[in-house]
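Here's the letter readout for the chains.
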Amino acid sequence: MARLLHYAAHPSPGTSSANSAMLKRVRGLEGITSLDLYAEYPRYDIDIEDEQQRLLAHDVIVLQFPLFWYSCPALVKEWLDLVWEHGFAYGRGGDRLKGKLLMLAVTTGGPQEAYGAEGYQHYELRTFLTPFEQAARLAQMRFLAPYVLHGALKTEPEAHALGFLRLMTALRDERLDLRAAESADILTHDTLPLMGIN
Amino acid sequence: MSDFLLLAFLFLIAGVAAVPIATALGLGSVLGYLIAGIALSPILLLLEVDVVSIQHFAEFGVVMMLFLVGLELEPKRLWEMRNRLLGLGGLQVGLTAALIAGVLIAFQMDWRIAVAVGLILAMSSTAIVLQTLAEKGLLRGDGGQASFSVLLFQDIAVIPILALVPLLAMPGAHHAGAEDGHGAGMSLVADLAGWQAALVTAGAIALVIAGGMFLTRPLFRYIAKARLREIFVATALMFVVGIALLMTLVGLSPALGTFLAGVVLANSEYRHELESDIDPFRGLLLGLFFMTVGAAINFQMLWDDLFPILGLTFAVIAAKALVLLILARIFALRGSEKFLFGLGLAQAGEFGFVLSSFAVSNLVLPETMAPRLNLIITLSMMLTPGLFILYERVIRPAFDRPVVREDDEITEKGTAIIAGHGRFGGIVNRMLLAAGYKTTVLDHSAAQLDMLRVFGFNVYYGDASRPDLLHAAGIEEATLLVIAIDDPAQAVAIVHHVSQNHPHVHIIARARDRHHVYELYNAGCRDVIRETFDSSVRAGRSSYEALGMHPFEAERLARAFVKADRHALYELAQVWDPEIPETQNPAYVQKVREMNEVMEPGAALGAFRERHERGWTPPSPQDTETDRQRIEAARDGA
């Protein structure tokens, strides 16, 4: 069993449907540490030491957030800025995250076809997520394809939330085909490369 | 009685008339007093007033001044000064005396007289120099510190010089029972053998130091409990006068004794209180002293011999300045500080009067010479303010250095003054100290102080609502004043005083309630903190969370509430009028009504809610569609 650490981050949970549903599905699952980052640090006073210990105690880190202006909400960035210190995540002696997995679970407002050279968002979704991908590379982690829900505002979130549940349990039970997950562009609830039961 | 009143009135009116004019012209108060004294001299002559005896009395101002200087100087600092004190001071007295004596001998003067005159003129004027340096804020610089070392050394040196002068007496002209006119008529050591006298003297100094260390605290605490201002003043005076008396009895300089007592008390929590109690006496007595210097000028003698006397005066100043500048070079004083030291101490001083009369009574100086010598001393003192002006206006600008505040550790005056060290001020103090800021804490409960002292806090006894105490605590140089005292009315009074007289100070005031906020705001405070507001808001936020609200939502809602409430308070403070009760103030009533409309619970908390709900609101599908169409249209058109 892999030790799984899940951060959900939405600054306005009252107006979120998909992200709330996802968090609700995985919260309380055995073997998964699931945290609401904005509830953990409503005053942004992130405890660096605590957070680093948390990272060290897990093998898989999943960051779940809505895409805001082509990036993560501010507190996720703050968390990254503070917790992934040099000497810890990168730089001299900074190999403490080496070999762990990093995965994003992202919801977007725009539809799938908006992301790409032809779409009105002009770039691929993965292009917007390259900072995280490169951060994982610098920290010597494996970066899996993001689990994505496009058009989150128009879509009924239940299927996506259930897919997220399947994904998380598969990660925990090491039933996700990591190689496939690494080489995929994005993962959705109906394209999860699960092993064993299919 | 009427004679005394007349005399007091004359001196007061002269001082009151002349000093503000001199200060306004940038000449400094000393010159003002001196001029007032000159103006008074014909009247005093007419009334047959004994100016010299008044001068002796007024010299007690110097004693008080040294006490105050001592209060500013921690023992540690004094110890660090020891090299300068002995080196600079010793060389200044020795070289100046030698130079002047040498020149006089070259002019065929008897060597004994020459040495006596040299020693007399080597002294500088502690009163004028310290007063001027303090007034111009130059005491803390390098030059000021060096000057102070020399003055202190001279103070100490007077005693051995007094012992030395009789040895210079003309052979066969012994004259017993010489009295220096300066000391008291009685002595504890006069009839003792040398070693006994030394023992008594050392004992007296030990008594002053031990008394200052162990006796003053319980005494002042006892007095403080009575909460009577005048008794505290009386105690402070008793203390200074007592030490001066003791020192005189054992044949030491009273100024030296009180200076030592001041140093011993520099770490005491009653320091600022003592400072503000003694300071007015010091000011008045020194003023009187300067006026007597001006009044003592013998104009008859001056006119008769104008050029020789003026020439000699300038020669003395030049000789002293020469020695001082050489010493400044040796002791590595930099830039304009060198000249401050050189010019500032170039006059002869009040100790010269003492020494010259002593020398006459010991038949060292011819009786005809003393008045001329005294006239030269007086004239050189008269010229000192001019030399300071020369330094300030010509020399310092020439060095064109930005005025750096050096040796900041010399002053314990923190950049923050905290009035009241209770539950509120105590936290502020701990936070400031933790961040490395210096604070000066004033509190008025002796019991509280004792406890804080035990825990090693730097706190002082005193009632912060008194302007003079704020002055002693360094309000002029402070950046911040935190008013955390219990009495709401006093807090308002302090805000009023400080915002009027020290507008550069940022005031943070603790408010009891809304009404108190208005009063503090009205008095000029723009940083009013309600004492229980923040904790109430936190309790409200905890309540939100306990009722199931998301913590970040609770945080934002609490912040929005604070913002709306502070805004409302600010608006109300603008229209609040101390003269009109709130219910009869139409503008105030109108504002409250407007606010009630938007703050009503049913109305979703109005502006407060609206402010809170903006933020991270997702776009609607229409928004997304609009963007898509616009971008695609632009691309297709291109």
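Fair warning: this is a prediction, and the values are worked out from it, not measured in the lab.

**Q** Would you mind going over the overall build of chain B with me for this structure?
**A** A count of helical and extended segments in chain B gives 28 helices and six strands. Over its C-alpha trace chain B gives a radius of gyration of 33 Å, far above what one expects of a compact globule, namely 26 Å for 638 residues. Based on the C-alpha atoms only, the size of chain B along its principal axes is roughly 120 × 70 × 50 Å. Looking at chain B as a whole, 49% of its 638 residues qualify as buried. When contacts within chain B are restricted to residue pairs at least 6 apart in sequence, long-range pairs at least 24 apart make up 76% of them.

**Q** Honestly, the overall build of chain A in this entry has me stumped. Any pointers?
**A** Helices and strands together make up the secondary structure of chain A, namely eight helices and six strands. In terms of overall dimensions, chain A has C-alpha extents of about 45 × 40 × 35 Å along its principal axes. Burial analysis of chain A (198 residues in total) assigns 54% to the buried set. A total of about 9,000 Å² of accessible surface is found on chain A, and carbon and sulfur atoms cover 51% of it. When the 19 positive and 25 negative side-chain charges of chain A are each reduced to one mean point, those points stand 3 Å apart.

**Q** Is there a simple way to think about helix α4 (residues 74-83) of chain A in this case?
**A** Every α-helix carries 3.6 residues per turn, so stepping three or four residues along brings you back to the same face. All names here are of chain A. For α4, every residue scored as buried is listed here: Leu75, Val76, Trp79, Leu80 and Val83. Each buried residue of α4 lies within a common arc of 140° when the element is viewed along its axis, so the set occupies one face. Each element contacted by the buried residues of α4 is listed here: β1 (4-8), α2 (37-40), α3 (48-56), β3 (60-66) and α6 (130-138).

**Q** When you look at the UniProt feature "domain: Flavodoxin-like fold" (unreviewed entry) in chain A in this model, what are you seeing that I'm missing?
**A** UniProt tags residues 3-157 of chain A as "domain: Flavodoxin-like fold" (unreviewed entry). Structurally, residues 3-157 of chain A comprises 29% helix and 19% strand, and the distance from its first C-alpha atom to its last is 26 Å.

**Q** Even after reading the chapter, I still don't get the interface of chain A and chain B, so can you show me in this structure?
**A** Where interface size is quoted, it is often the accessible area lost as the parts come together. Facing 21 residues of chain A, the contacting portion of chain B comprises 18 residues. The contact between chain A and chain B buries some 1,600 Å² in all, and 63% of this surface belongs to carbon and sulfur atoms. Of all residues in chain A, the largest losses of buried area upon contact with chain B belong to A:Arg43, A:Tyr120 and A:Leu153, amounting jointly to 38% of the total for that side. Where chain A meets chain B, there are one salt bridge. In this structure, the salt-bridge partner of B:Glu555 is A:Arg43, at a minimum N-O distance of 2.5 Å. For the interface between chain A and chain B, the tally reads two residue pairs in polar contact (both at pLDDT 80 or more). Partitioned by chemical class, the residues of the side of chain A that touches chain B number eleven nonpolar, six polar and four charged.

**Q** Help me understand the domain arrangement of chain B, please; the structure alone is not making it clear to me.
**A** All names here are of chain B. Annotation of chain B at the domain level lists domain 1 (2-399), domain 2 (413-531) and domain 3 (558-638). Look at where the C-alpha atoms of domain 1 and domain 2 centre, and you get two points 37 Å apart. Between domain 1 and domain 2, the contact holds 18 residues from the first and 20 residues from the second. Regarding the contact of domain 1 and domain 2, the summed buried area is about 1,600 Å², with carbon and sulfur atoms giving 48% of it. Broken down residue by residue, the surface that domain 1 buries against domain 2 is led by Arg227, Glu269 and His272, which jointly contribute 38%. Linking domain 1 with domain 2 are two salt bridges. In this structure, the salt-bridge partner of arginine 466 is aspartate 277, at a minimum N-O distance of 3.8 Å. In this assembly, domain 1 and domain 2 are joined by three residue pairs in polar contact (both at pLDDT 80 or more). Mapped by element, the contributors of at least two residues to the side of domain 1 that touches domain 2 are α10 (194-226), α11 (229-249) and α13 (271-295). The element best represented in the side of domain 1 that touches domain 2 is α13, accounting for six residues.

**Q** Got a minute to help me understand the environment of B:Asn501 in this structure?
**A** All names here are of chain B. Mapped onto the fold, asparagine 501 is located in helix α22 (residues 488-501). A residue is classified by how much of its surface remains accessible, and asparagine 501, at 46% relative accessible area, is partly exposed. Within the local environment of asparagine 501, its side chain forms a polar contact with the backbone oxygen of histidine 497, the two atoms lying 2.8 Å apart.

**Q** Which parts of the structure should I look at to understand the packing of helix α6 (residues 82-106) of chain B against helix α15 (residues 306-330) of chain B?
**A** The relative placement of two packed helices is expressed as an angle between their axes plus a distance between the axes. All names here are of chain B. Where α6 contacts α15, the axes come no closer than 10 Å and their chain directions differ by 140°. Taken as axis vectors, α6 and α15 run oblique relative to one another. Crossing hand, α6 versus α15: right-handed. Counting all contacts with α6, which are made through Leu88, Leu91, Gln92, Leu95, Thr96, Leu99 and Ile100, the residues of α15 involved are Ala319, Lys320, Leu322, Val323, Leu324 and Leu327.

**Q** Which parts of the structure should I look at to understand unusual backbone geometry?
**A** Keep in mind that most residues, glycine aside, have a negative phi and that most peptide bonds are trans. At A:Gln140, a position not held by glycine, the phi torsion is positive, near 60°. Despite not being glycine, A:Glu174 has its phi angle at roughly 60°, a positive value.

**Q** Is there a simple way to explain the environment of B:Ala509 in this structure?
**A** Residue and element names in this part refer to chain B. Relative to the helices and strands, alanine 509 is located in strand β5 (residues 506-511). Distance in space between the C-alpha atoms of alanine 509 and leucine 284 is 34 Å, their sequence separation being 225 residues. Apart from the residues lying within four places of it in its own chain, the contact partners of alanine 509 are Ile483, Val495, Leu520, Cys525, Asp527, Val528 and Ile529.

**Q** I would appreciate a short explanation of the nonpolar core in the present structure.
**A** Where a protein is soluble and globular, its nonpolar side chains tend to be buried together. Membership of the largest hydrophobic core comes to 143 residues, with the highest contact counts inside it found for B:Phe67, B:Phe259, B:Phe290, B:Phe341 and B:Leu365. Looking at which element gives the most residues to this core, the answer is helix α18 (residues 369-399) of chain B, with 13 residues. Built from parts of two domains, this core gets at least three residues from each of domain 1 (2-399) and domain 2 (413-531) of chain B. Beyond its immediate sequence surroundings of up to four residues, B:Phe67 is in contact with B:Phe239, B:Val240, B:Thr258, B:Phe259, B:Ala261, B:Gly262, B:Leu265, B:Leu274 and B:Ile278. A:Leu75, A:Val106, A:Met141 and A:Val148 belong to the second-largest nonpolar core, a separate cluster that totals 41 residues.

**Q** Please explain a nonpolar patch on the surface as it appears in this structure.
**A** Residue and element names in this part refer to chain B. On the surface, Leu99, Val103, Phe107, Leu322, Ile326 and Ile330 cluster together into a nonpolar patch covering about 590 Å² of accessible area. Elements that contribute at least two residues to the nonpolar patch include exactly α6 and α15. A total of three residues in the nonpolar patch trace back to one element, the largest contributor, which is α15. Looking at the element boundaries, valine 103 is found in helix α6.

**Q** I'm lost on the pattern of salt bridges in this one. Help?
**A** Oppositely charged side chains can form a pair if their charged atoms are brought close together. Under the criterion given, the structure shown has 33 salt bridges over all chains. Notably, a salt bridge pairs B:Arg271 with B:Glu275, separated by 3.7 Å at the nearest N-O pair. Taken as a pair, B:Arg271 and B:Glu275 lie in helix α13 at a separation of four residues, close to a single helical turn. The same class applies to B:Arg271 and to B:Glu275, which are both buried. Via salt bridges that share partners, A:Arg43, B:Arg541, B:Glu555 and B:Arg559 belong to a single interconnected network.

**Q** How do you make sense of the side chain of A:His10 when you look at a structure like this?
**A** Residues and elements named next belong to chain A. Turning to its location among the elements, histidine 10 is positioned in the loop between β1 and α1 (18-26). At 3.0 Å, the side chain of histidine 10 forms a polar contact with the backbone nitrogen of serine 12. The contact partners of histidine 10, leaving out residues within four places of it in the chain, are Thr15, Ser16, Asn19, Tyr38, Pro66 and Phe68.

**Q** Would you mind going over the packing of aromatic side chains with me for this structure?
**A** Remark: the centre distance and the inter-plane angle together describe each pair of aromatic rings, the angle taken between the planes. Evaluation of the coordinates by the stated rule reveals 25 aromatic pairs over all chains. Judged by centre distance (5.8 Å) and plane angle (20°), the rings of A:Tyr147 and A:Phe164 are stacked. With A:Tyr147 in strand β6 (residues 147-149) and A:Phe164 in helix α7 (residues 158-172), this residue pair connects regions lying 17 residues apart in the sequence. Measuring from ring centre to ring centre gives 5.8 Å for B:Tyr518 and B:Tyr588, while their planes differ by 85°; the resulting arrangement is edge-to-face.

**Q** I would appreciate a short explanation of the sheet that holds strand β3 (residues 459-461) of chain B in the present structure.
**A** By way of backbone hydrogen bonds, the strands of a sheet pair with one another, either parallel or antiparallel. All names here are of chain B. Taken together, the six strands give an open sheet; going across it, the order is β3-β2-β1-β4-β5-β6, and neighbouring strands pair in parallel fashion. Each edge of the open sheet is held by one strand with a lone partner, namely β3 and β6 (528-530). Each strand axis lies, on average, 20° off the axis of its neighbour in the sheet, ignoring direction. Pairing of strand β2 (residues 439-443) with β3, which is carried by three bridges, proceeds in the parallel orientation. Bridge pairing in β3 links leucine 442 to tyrosine 460.

The rules we used
Residues numbered from 1 in each chain as written. Chains lettered and ligands numbered in written order. Predicted model: local features only at pLDDT ≥ 70, side-chain atom pairs only at ≥ 80, totals over all residues. Heavy atoms only, no water. Helix = DSSP H or I, 4+ residues; strand = E, 2+ residues; numbered from the N terminus. Rg over C-alpha atoms; globule rule 2.2 N^0.38 Å. Buried < 20%, exposed > 50% of the residue type's maximum accessible area, 1.4 Å probe, protein only. Contact = heavy atoms within 4.5 Å. Areas by Shrake-Rupley, 256 points an atom, 1.4 Å probe, with all protein chains shown as cover. Lys, Arg positive; Asp, Glu negative; His and termini not counted. Charge placed at Lys NZ, Arg CZ, Asp CG, Glu CD. Arc of directions from axis to C-beta. UniProt positions renumbered as here; feature names shortened; annotations may be inferred. Buried area = accessible area lost by both parts, 1.4 Å probe. Salt bridge = Lys/Arg side-chain N within 4 Å of Asp/Glu carboxyl O. Polar contact = N/O pair within 3.5 Å; in protein donor to acceptor, adjacent residues only side chain to side chain. Nonpolar A, V, L, I, M, F, W, Y, C, P; charged D, E, K, R; others polar. Domains from an automatic or database assignment. Axes fitted to C-alpha atoms, helices over the stretch in contact; angles between N-to-C directions. Parallel < 35°, antiparallel > 145°, perpendicular 65-115°, else oblique. Left-handed = near helix turned anticlockwise from the far one by under 90°. Core = buried A, V, L, I, M, F, W, Y, C linked by side-chain atoms within 4.5 Å. Patch = residues over 30% accessible without salt bridge, like charges linked within 9 Å, V, L, I, M, F, W, Y side chains within 5 Å. Phe/Tyr/Trp six-rings, centres within 6.5 Å; stacked < 30°, edge-to-face > 60°. Pairing = 2+ DSSP bridges.

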